[in-house]
Amino acid sequence: MSTRLKKCIWMTLLLFLSAVVLGGCLYPQELKMKNQPDDEVQIEEVQNSVQAYWQDTGVLPIQTTEADTPVFQKYVLDFNRLIPRYLAEPPPNSFEAGGVYRYVLVDVESDPKVKLIDLRLSRAVQELQLRVNEYVRTKSPHLPVADHLGNGYFTLDEEKLNLDQPPQVTSPYSGQLLPLIINQEGQVGIDYRLDLNQLLSSADELEVPENVDIRHLLVKVSKFVPAYSFPYKLEDDRPVFIESWNTKN
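Residues numbered from 1 in each chain as written. Predicted model: local features only at pLDDT ≥ 70, side-chain atom pairs only at ≥ 80, totals over all residues. Heavy atoms only, no water.

Caption draft 1: Local environment of the overall build of the protein chain. When its secondary structure is counted, the protein chain shows seven helices and nine strands. When burial is assessed residue by residue, the protein chain has 39% of its 249 residues classed as buried. Sequence separation of 24 or more characterises 51% of the internal contacts of the protein chain that already satisfy a separation of 6 or more. If you sum the accessible surface of the protein chain, you get close to 15100 Å²; carbon and sulfur atoms cover 52% of it. (Helix = DSSP H or I, 4+ residues; strand = E, 2+ residues; numbered from the N terminus. Buried < 20%, exposed > 50% of the residue type's maximum accessible area, 1.4 Å probe, protein only. Contact = heavy atoms within 4.5 Å. Areas by Shrake-Rupley, 256 points an atom, 1.4 Å probe, with all protein chains shown as cover.)

Caption draft 2: Highlighting the environment of Ser171. Summarising the element assignment, Ser171 is placed in the loop between strand S5 (168–170) and strand S6 (177–183). A C-alpha to C-alpha distance of 9.7 Å links Ser171 and Asp118, two positions 53 residues apart in sequence. Ignoring sequence-local partners within four residues, the contact set of Ser171 consists of Gln176, Leu178 and Asp195. Within the structure, Ser171 has its side chain in polar contact with the backbone nitrogen of Ser174 (distance 3.1 Å). Polar contacts involving the side chain of Ser171 include one to the side chain of Asp195, which spans 2.4 Å. (Polar contact = N/O pair within 3.5 Å; in protein donor to acceptor, adjacent residues only side chain to side chain.)

Caption draft 3: Region of interest: the side chain of Arg215. The residue Arg215 is located in helix H7 (residues 215–220) in this model. Polar contacts involving the side chain of Arg215 include one to the main-chain carbonyl oxygen of Phe230, which spans 3.4 Å.

Caption draft 4: Representation of helix H2 (residues 39–57). With 19 residues, H2 ought to run about 27 Å at 1.5 Å a step, and its terminal C-alpha atoms sit 27 Å apart, in line with that. Within H2, burial applies to Asp39, Gln42, Ile43, Val46, Gln47, Ser49, Val50 and Tyr53. Following H2 by one or two positions, Gly58 has its phi on the positive side, about 80°. (Expected span 1.5 Å × (residues − 1).)

Caption draft 5: Just the packing of aromatic side chains, in detail. One pass over the structure, following the stated rule, counts seven aromatic pairs. Ring geometry for Tyr153 versus Phe230: centroids 5.0 Å apart, planes at 65°, classification edge-to-face. With Tyr153 in strand S4 (residues 153–156) and Phe230 in the loop between H7 and strand S8 (232–235), this pair connects stretches of sequence that are 77 residues apart. Here Tyr153 matches Phe230 in class, with each residue buried. Between the aromatic rings of Tyr173 and Tyr192, the centroid separation amounts to 5.7 Å while the plane-to-plane angle is 75°, which identifies the pairing as edge-to-face. Of the two residues, Tyr173 sits in the loop between S5 and S6 while Tyr192 sits in the loop between strand S7 (188–190) and helix H6 (193–202), which places them 19 residues apart along the sequence. Judged by relative accessible area, Tyr173 falls into the partly exposed class, the value being 22%. The exposure class assigned to Tyr192 is buried, which follows from its relative accessible area of 1%. An aromatic cluster of three or more residues is present, and its members are Tyr153, Phe230, Tyr232 and Phe241. (Phe/Tyr/Trp six-rings, centres within 6.5 Å; stacked < 30°, edge-to-face > 60°.)

So, in structure tokens, the structure goes:
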């Protein structure tokens, strides 16, 4: 057998063995990803466990938060109360299991429903808040604002904050980019007017009381809550900010 033929045989064997080894390494991870339940299934499982816990104990399995915690971040689920009797383990997409979502409750007084906070959006807001706080602490007592959006809300000055581009996050509702803004108290948050406009224009019949926070419309049509945002009311068929000095986000 020639030397050249031997080399070809060895190369073929090496390629075959490499494929087997790599296939054996990748398969479990691919299988895990394929078999992981989708968000709706995980939410339903948690919803059922919350309902059972509530019926048995008369209280909700939530963490203790400060009284002034914004409404969409206030009722965070405490999985330690549900595991193992009502739930085998935290859902794979939850923060507690290394996922990107925080599980919360809405409508806690009447009909508690499980919803999600996307922690990637939360981190973006918190990082920008730190940058704003540092600017006020070290450079100027005045907020780094640009344009006034009305009722005590402003866009942020990118140059003063050394930002390469406008601060934005991807909407969990529509997938479009939403701006990060600030109120006159210095709180950074997400502006959901684009999503609200889209929802209001696409709904055939949607009764919205005046002077009511219309962010709850987003909660009704989605598995997400608009955490780290600001309250809006409907005025002349469009969403406008409720005065920042009267509300918390």
